[in-house]
Amino acid sequence: AQSVTQLGSHVSVSEGALVLLRCNYSSSVPPYLFWYVQYPNQGLQLLLKYTSAATLVKGINGFEAEFKKSETSFHLTKPSAHMSDAAEYFCAVSVRGTASKLTFGTGTRLQVTL
Amino acid sequence: DAGVIQSPRHEVTEMGQEVTLRCKPISGHNSLFWYRQTMMRGLELLIYFNNNVPIDDSGMPEDRFSAKMPNASFSTLKIQPSEPRDSAVYFCASTEGASTEAFFGQGTRLTVV
């Protein structure tokens with residue numbers, strides 16, 4: 001079985017500041033890892049994914065994440081926050097063969113202030 | 001492509017009534033997933049289909065819930081009878097082949113009063 005833990009249900013940053021959203025995973029087999037973003041009253045949109053290629057993954061809107069096996073982490077970062085980044089972010093894990101059968105974390109709501 | 005289409009977007013029903021949620025996956029996608037999102041439990045996978053066949057329904061909460069996929073372009077999630085604790089946002093997602101990207105619909109917000 002696999003699971004993800006997102007530390008911090010709410011994160012607040014100033015516009016232009018670094019965004020860091022934390023995700024740790026647990027999986028008995030090499031995982032696939034994902035970050036999704038959800039804007040209010042919308043579905044989930046894929047930001048980026050790790051599928052065993054490069055450990056540093058770049059996604060849309062300037063986000064990136066680094067897979068660290070030794071730390072079982074897949075933290076999401078963005079160098080400079082923008083007001084439009086305010087949303088809820090979900091980390092998710094799946095295993096090969098059922099790559100789209102996702103197990104989600106509880107989500108982190110990102111607030112961006114002026 | 002219009003993406004994954006769910007209907008209705010909002011549904012308010014009385015306890016005990018039957019509710020049917022609908023999903024049209026992206027054309028050409030052969031896997032379809034139903035998820036439920038609540039404040040208490042977050043996003044949970046209810047059931048998924050591959051080539052119209054249910055593969056894993058272990059997330060379906062109880063016998064009141066049922067899902068069908070009669071063809072590649074349509075799926076339903078039915079709750080009968082509905083209860084207030086079923087109130088949630090229900091998402092449908094689809095994927096193509098071995099793709100690792102799931103495309104989500106905008107969800108159906110269900111309120112059972």
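Above this text is the structure in question.
Predicted, not measured: the structure shown is a model, and the values here were computed from it.

(A) Structural context of the sheet that holds strand S8 (residues 73–78) of chain A. Residue and element names in this part refer to chain A. Spatial ordering of the open sheet is given by S1-S3-S8-S7-S6, a layout of 5 strands whose pairing is antiparallel. Across the chains shown, the open sheet's two edge strands, defined by having one partner strand only, are strand S1 (3–7) and strand S6 (56–58). Taken pair by pair, the neighbouring strands of this sheet meet at an average axis angle of 20°, ignoring direction. Relative to S8, strand S7 (residues 64–68) runs antiparallel, the two being bridged by 5 bridges. Of the residues in S8, the one forming a bridge with Phe67 is Phe74.

(B) Geometry of unusual backbone geometry. Ser7 of chain B connects to Pro8 of chain B through a cis peptide bond whose omega is -10°. Its place among the elements puts Pro8 of chain B in the loop between strand S1 (5–7) and strand S2 (10–13). Residue Gln80 of chain B is joined to Pro81 of chain B through a cis peptide bond whose omega torsion reads -5°. The phi dihedral of Asn61 of chain A is positive, around 60°, even though this residue is not glycine. Within the secondary structure layout, Asn61 of chain A lies in the loop between S6 and S7. Its identity as a non-glycine residue notwithstanding, Thr72 of chain A has a phi of 45°, on the positive side. Overall, the relative accessible area of 31% leaves Thr72 of chain A in the partly exposed class.

Conventions and cut-offs
Here, residues in each chain are numbered from 1, in the same order as that chain's written sequence. A letter from A marks each chain and a number from 1 marks each ligand, given out in the order of writing. Thresholds applied to this predicted model are a pLDDT of at least 70 for local features of residues and 80 or more for the giving and counting of side-chain atom pairs; totals over whole chains, interfaces and linings are not thresholded and use all residues. Side-chain metrics in this entry use all non-hydrogen atoms of the structure; hydrogen atoms and water are not considered. Between any two strands, at least two bridges found by DSSP are needed for them to pair. Only runs of H or I of at least four residues qualify as helices and only runs of E of at least two qualify as strands under DSSP, and these elements are numbered from the N terminus. Note on geometry: axes are lines fitted to C-alpha atoms, helical ones only across the stretch in contact, with angles between N-to-C directions running from 0 to 180 degrees. Throughout this description, buried means an accessible area under 20% of the type-specific maximum (1.4 Å probe, protein chains only), exposed means over 50%, and partly exposed covers the range between.

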